[in-house]
Amino acid sequence: MGTDYRVFTATFLTLFLTVCIGVSAYKPVIIVHGILEPAYKENPLKDLITKAHPGTNVTIIDEYTELFSLYPMWEQVRGFQKAMVPIMQHAKDGVHIICYSQGGLICRGVLESMDDHNVDTFISLSSPLMGQYGDTDYLKYVFPHYLKENLYKVAYTSYGQDISISNYWNDPHQQDLYKEYSVFLAVLNNQTSNNVKSKEYKNNFLKLKKLVMIGGPDDGVITPWQSSHFAFYDENETVVEMKDQEVYQRDYFGLKTMDERGDVTTYEIPGVQHLNWHKNQTIFDDYIEKWLT
Ligand SMILES: *[C@@H]1O[C@H](CO)[C@@H](O)[C@H](O)[C@H]1NC(C)=O
Ligand SMILES: *[C@@H]1O[C@H](CO)[C@@H](O)[C@H](O)[C@H]1NC(C)=O
Ligand SMILES: *[C@@H]1O[C@H](CO)[C@@H](O)[C@H](O)[C@H]1NC(C)=O
Ligand SMILES: *[C@@H]1O[C@H](CO)[C@@H](O)[C@H](O)[C@H]1NC(C)=O
């Protein structure tokens, strides 16, 4: 009874403040959807947030959904950024972003290329942060005639780069071509020889207060699944941990600095398939809610 009463009072007060003076105790949350999804697929996550934190202004950005999610990543980054600007401008204490799957890479693009973002916490929800190298249904759908072994032949061409998946295709056996042709991931990671903006990107990324990476071995889509934690395959397809990657060790875009600052949190969670991350109550309760203050 006592607890119920306190919960009731807290909820009531939050709603009262939100309605009467337009102030919520919680920072606004922006959700970025995954590949080939309509935006409403993220509604369960929005519901989990507003149930736990009534009054939170949650926006699921309704851009580049379904087939449009195959557009080039930089174009999508610009579109998502444009939609985020007014939300950021209204949030003097900053915003949180939760970015799912391909959306996590869009958020990396926004964070690195935007010099006046005010993102407090970036929650990456099973996103191939270090790229993708695996046969999946998505891949078969987009490139029906290719398997992972030979996708580089189309992905690492200038026309191949017009499709989002190619922008973060990371073939461990074709690293020279990846560095030469990847106009997105290799640039975000500063693995190309000519990223004139690398210092700017690093500074922008470091304005982020906290990075939270959620992923796990039963995901079934992100390959290797450890890419959701900034780990990736070496030339023998052995997974190399984040801290042993060259991009980390040489701090190419600020990941090492952020980690040494104590602002990188990694959650490895078994038992969750790719399409369930944003619907799972215990995932939300145990690994997401505490960051959304
Ligand atoms: C949520 O934030 C957006 C952008 O700042 C604003 O336009 C909208 O009115 C807000 N919604 C609520 C319910 O406060
Ligand atoms: C990959 O395997 C080959 C053959 O076993 C070995 O010579 C090479 O050092 C390995 N590469 C790495 C990065 O471990
Ligand atoms: C990006 O890589 C280039 C070439 O390796 C290097 O000169 C530059 O310092 C790097 N930028 C950052 C921010 O580390
Ligand atoms: C929900 O997440 C928990 C881990 O927090 C996991 O054990 C469980 O299998 C998940 N359920 C589904 C349906 O994904």
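Residues numbered from 1 in each chain as written. Chains lettered and ligands numbered in written order. Predicted model: local features only at pLDDT ≥ 70, side-chain atom pairs only at ≥ 80, totals over all residues. Heavy atoms only, no water.

A few words on the overall build of the protein chain. When helices and strands are tallied, the protein chain shows 13 helices and eight strands. Projected onto its principal axes, the C-alpha coordinates of the protein chain cover approximately 60 × 35 × 35 Å. Within the protein chain, the proportion of its 293 residues that are buried is 53%. In the protein chain, of all internal contacts separated by at least 6 residues, the share reaching a separation of at least 24 is 69%. (Helix = DSSP H or I, 4+ residues; strand = E, 2+ residues; numbered from the N terminus. Buried < 20%, exposed > 50% of the residue type's maximum accessible area, 1.4 Å probe, protein only. Contact = heavy atoms within 4.5 Å.)

In the vicinity of ligand 2, the residues found are Asp 234, Glu 235 and Asn 236. In this structure, an oxygen atom belonging to ligand 2 sits 2.4 Å away from a side-chain N or O atom of Asn 236. Within the complex, 29% of the 360 Å² of free accessible area of ligand 2 lies under protein. (Near = heavy atom within 4 Å. Polar contact = N/O pair within 3.5 Å; in protein donor to acceptor, adjacent residues only side chain to side chain. Areas by Shrake-Rupley, 256 points an atom, 1.4 Å probe, with all protein chains shown as cover.)

Another aspect to go through is helix H4 (residues 102–113). Here H4 spans 17 Å end to end across twelve residues, near enough to the 16 Å set by a 1.5 Å rise per residue. For H4, the tally of buried residues reaches eleven of twelve residues, placing the bulk of the element in the interior. Of the residues making up H4, those classed as buried are Gln 102, Gly 103, Gly 104, Leu 105, Ile 106, Cys 107, Arg 108, Gly 109, Val 110, Leu 111 and Glu 112. (Expected span 1.5 Å × (residues − 1).)

In this model, the second largest pocket occupies a volume close to 330 Å³. The wall of the second largest pocket is formed by 16 residues, among which Gln 175, Gln 191, Tyr 233, Gln 245 and Glu 246 lie closest to the centre. Every element with two or more residues in the lining of the second largest pocket is listed here: helix H8 (175–181), strand S6 (232–233) and helix H11 (246–249). Counted by class, the lining of the second largest pocket contains seven nonpolar, four polar and five charged residues. (1 Å grid on protein atoms, 1.4 Å probe; cavity = no way out; pocket = protein on both sides within 12 Å on 5 of 7 lines; lining within 4 Å. Points joined across faces, edges and corners; volume = space filled by probe spheres on them. Nonpolar A, V, L, I, M, F, W, Y, C, P; charged D, E, K, R; others polar.)

In spatial order, the strands read S2-S1-S3-S4-S5-S8; together these six strands make up an open sheet with parallel pairing. Lying at the two open borders of the sheet, with one neighbouring strand each, are strand S2 (58–60) and strand S8 (264–268). Across this sheet, the average inter-strand angle for adjacent strands is 15 degrees, counted without regard to direction. Two elements, strand S1 (residues 29–32) and S2, share three bridges in a ladder whose sense is parallel. Bridge pairing in S2 links Ile 30 to Thr 59. (Pairing = 2+ DSSP bridges. Axes fitted to C-alpha atoms, helices over the stretch in contact; angles between N-to-C directions.)

Taken together, Asn 57, Pro 86, Ile 87 and His 90 make up all the residues around ligand 1. A distance of 2.3 Å separates an oxygen atom of ligand 1 from a polar side-chain atom of Asn 57. Within the contact set of ligand 1, an oxygen atom lies 3.1 Å away from a side-chain nitrogen or oxygen of His 90. In terms of residue class, the shell around ligand 1 is made up of two nonpolar, two polar and no charged.

Another point: the nonpolar core. Counting residues in hydrophobic clusters, the biggest one holds 61 residues, and the most contacted among them are Met 84, Ile 97, Phe 122, Leu 211 and Phe 230. Among the elements that take part in this core, helix H3 (residues 73–89) stands out by supplying seven residues, more than any other. Apart from residues lying up to four places away in sequence, Met 84 is in contact with Ile 30, Val 32, Ile 61, Cys 107 and Val 110. Core analysis: the next-biggest nonpolar cluster, separate from the first, contains 23 residues, Ile 123, Trp 277, Ile 283 and Ile 288 among them. (Core = buried A, V, L, I, M, F, W, Y, C linked by side-chain atoms within 4.5 Å.)

On inspection of all chains with the given rule, the structure shows ten salt bridges. Here Lys 27 makes a salt bridge to Asp 120, at a shortest N to O gap of 4.0 Å. Of this pair, Lys 27 sits in the loop between helix H1 (2–21) and S1 while Asp 120 sits in strand S4 (residues 119–125), and the two are 93 residues apart along the sequence. Using a relative accessible area of 19% as the deciding quantity, one classes Lys 27 as buried. The buried category is assigned to Asp 120, whose relative accessible area is 13%. With a closest N to O distance of 2.7 Å, Asp 263 and Arg 261 form a salt bridge. On the basis of relative accessible area, Arg 261 is assigned to the partly exposed category, the value being 37%. Sharing partners across several salt bridges, the network here consists of Lys 210, Arg 261 and Asp 263. (Salt bridge = Lys/Arg side-chain N within 4 Å of Asp/Glu carboxyl O.)

What follows deals with the side chain of Lys 148. Note on placement: Lys 148 falls in the loop between helix H5 (137–142) and helix H6 (152–155). Under the relative-accessibility criterion, Lys 148 is labelled buried at 17%.

Attention shifts here to empty space enclosed by the protein. Taken as a whole and assessed by the stated rule, the structure comprises two cavities of 30 Å³ or more. Taken as a whole, the largest cavity encloses approximately 150 Å³ of empty space. Along the wall of the largest cavity there are 14 residues; nearest its centre are Gln 132, Thr 136, Tyr 138, Tyr 168 and Val 221. Of the residues assigned to the lining of the largest cavity, the class counts are nine nonpolar, five polar and no charged. The volume enclosed by the second largest cavity comes to roughly 30 Å³. Lining of the second largest cavity is provided by Gly 34, Ile 35, Glu 37, Tyr 100, Ser 101, Tyr 138 and His 274. The class makeup of the residues in the lining of the second largest cavity is three nonpolar, three polar and one charged.

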